[in-house]
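Take a look at the letters that make up each chain.
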Amino acid sequence: AQSVTQPDIHITVSEGASLELRCNYSYGATPYLFWYVQSPGQGLQLLLKYFSGDTLVQGIKGFEAEFKRSQSSFNLRKPSVHWSDAAEYFCAVGAHSGGYQKVTFGTGTKLQVIP
Amino acid sequence: KAGVTQTPRYLIKTRGQQVTLSCSPISGHRSVSWYQQTPGQGLQFLFEYFSETQRNKGNFPGRFSGRQFSNSRSEMNVSTLELGDSALYLCASTRQGIRNEQFFGPGTRLTVL
């Protein structure tokens, strides 16, 4: 069975600073990887996804993530954080299971942005 | 194209009651998944329905049940509510097939008193 670890529960960065959120997964084959963002009281919005091909994936809102098979990681990055990026971020891994996709979410990382 | 809608958005119930939550997926999406989100447990998978059949289930007691209709709309029911059932319940829809992302609704905030 697949699993996802987000080691940082809470991260605080200054506005304008760079950001990296860590995500490690466990799965025997090539996984499908996702990053979602959740604003308070809202549902989850997809930021980006990786299925195959180029290991550097561009997403919405200026986010990118890099798939590193050797490290089983899929870290999310942004070069310059804006105050509106304050939210909770979830990494997820999808895997085949009986002919369809099963998605497992990490526990999330809360991002605080300070002026 | 309209997104995933969930009704009601907020609900207050008392212990022992039952509740039904509704989810309308994006048009053309036949898979609907339900999640429970709490501060202590994070996002936990409840179940998934595809073409009116439950094809995947998480580790929740039998008090949690669901169903899907022929138009892909889904409902989940929680009977004999407990205080610990207070949570944000999220519904997500997916197109048929694999390698497709889930699209989430805004959730239903359930408070059990």
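Each remark here, short or long, concerns the structure printed above.
Residues numbered from 1 in each chain as written. Chains lettered and ligands numbered in written order. Predicted model: local features only at pLDDT ≥ 70, side-chain atom pairs only at ≥ 80, totals over all residues. Heavy atoms only, no water.

### Digging into the interface of chain B and chain A
With 17 residues of chain B at the interface, the matching set in chain A holds 20 residues. When the two sides are added together, the surface that chain B and chain A hide from each other amounts to roughly 1,700 Å², 55% of it contributed by carbon and sulfur. Among the ionic pairs, Lys49(A) bridges to Glu101(B), the shortest N-O distance being 2.8 Å. Seen at the junction of chain B and chain A, the total is three residue pairs in polar contact (both at pLDDT 80 or more). Counting only elements with at least two residues in the side of chain B that touches chain A, the list comes to β4 (31-38), β5 (42-50), β6 (53-57) and β9 (87-94) of chain B. Class assignment of the residues belonging to the side of chain B that touches chain A gives a composition of seven nonpolar, five polar and five charged. (Contact = heavy atoms within 4.5 Å. Buried area = accessible area lost by both parts, 1.4 Å probe. Salt bridge = Lys/Arg side-chain N within 4 Å of Asp/Glu carboxyl O. Polar contact = N/O pair within 3.5 Å; in protein donor to acceptor, adjacent residues only side chain to side chain. Helix = DSSP H or I, 4+ residues; strand = E, 2+ residues; numbered from the N terminus. Nonpolar A, V, L, I, M, F, W, Y, C, P; charged D, E, K, R; others polar.)

### What to know about the state of the cysteines
In the structure shown here, the tally under the stated rule is two disulfides over all chains. Two residues, Cys23(A) and Cys91(A), share a disulfide whose sulfurs are 1.9 Å apart. Where Cys23(A) bonds to Cys91(A) through sulfur, the torsion about that S-S bond is close to -65 degrees, and the disulfide is left-handed. Placement of Cys23(A) in the loop between β3 (19-21) and β4 (24-26) and of Cys91(A) in strand β10 (residues 87-97) is noted, with a sequence separation of 68 residues between them. Owing to a relative accessible area of 0%, Cys23(A) belongs among the buried residues under this scheme. When its relative accessible area of 0% is taken as the criterion, Cys91(A) is described as buried. Here Cys23(B) engages in a disulfide with Cys91(B); their sulfurs sit 1.7 Å apart. Because the torsion about its S-S bond is -50 degrees, the bridge between Cys23(B) and Cys91(B) counts as left-handed. Note that Cys23(B) is positioned in strand β3 (residues 19-24) and Cys91(B) in strand β9, a separation of 68 residues in sequence. An identical accessibility class is assigned to Cys23(B) and Cys91(B); each is buried. (Disulfide = S-S within 2.5 Å. Buried < 20%, exposed > 50% of the residue type's maximum accessible area, 1.4 Å probe, protein only.)

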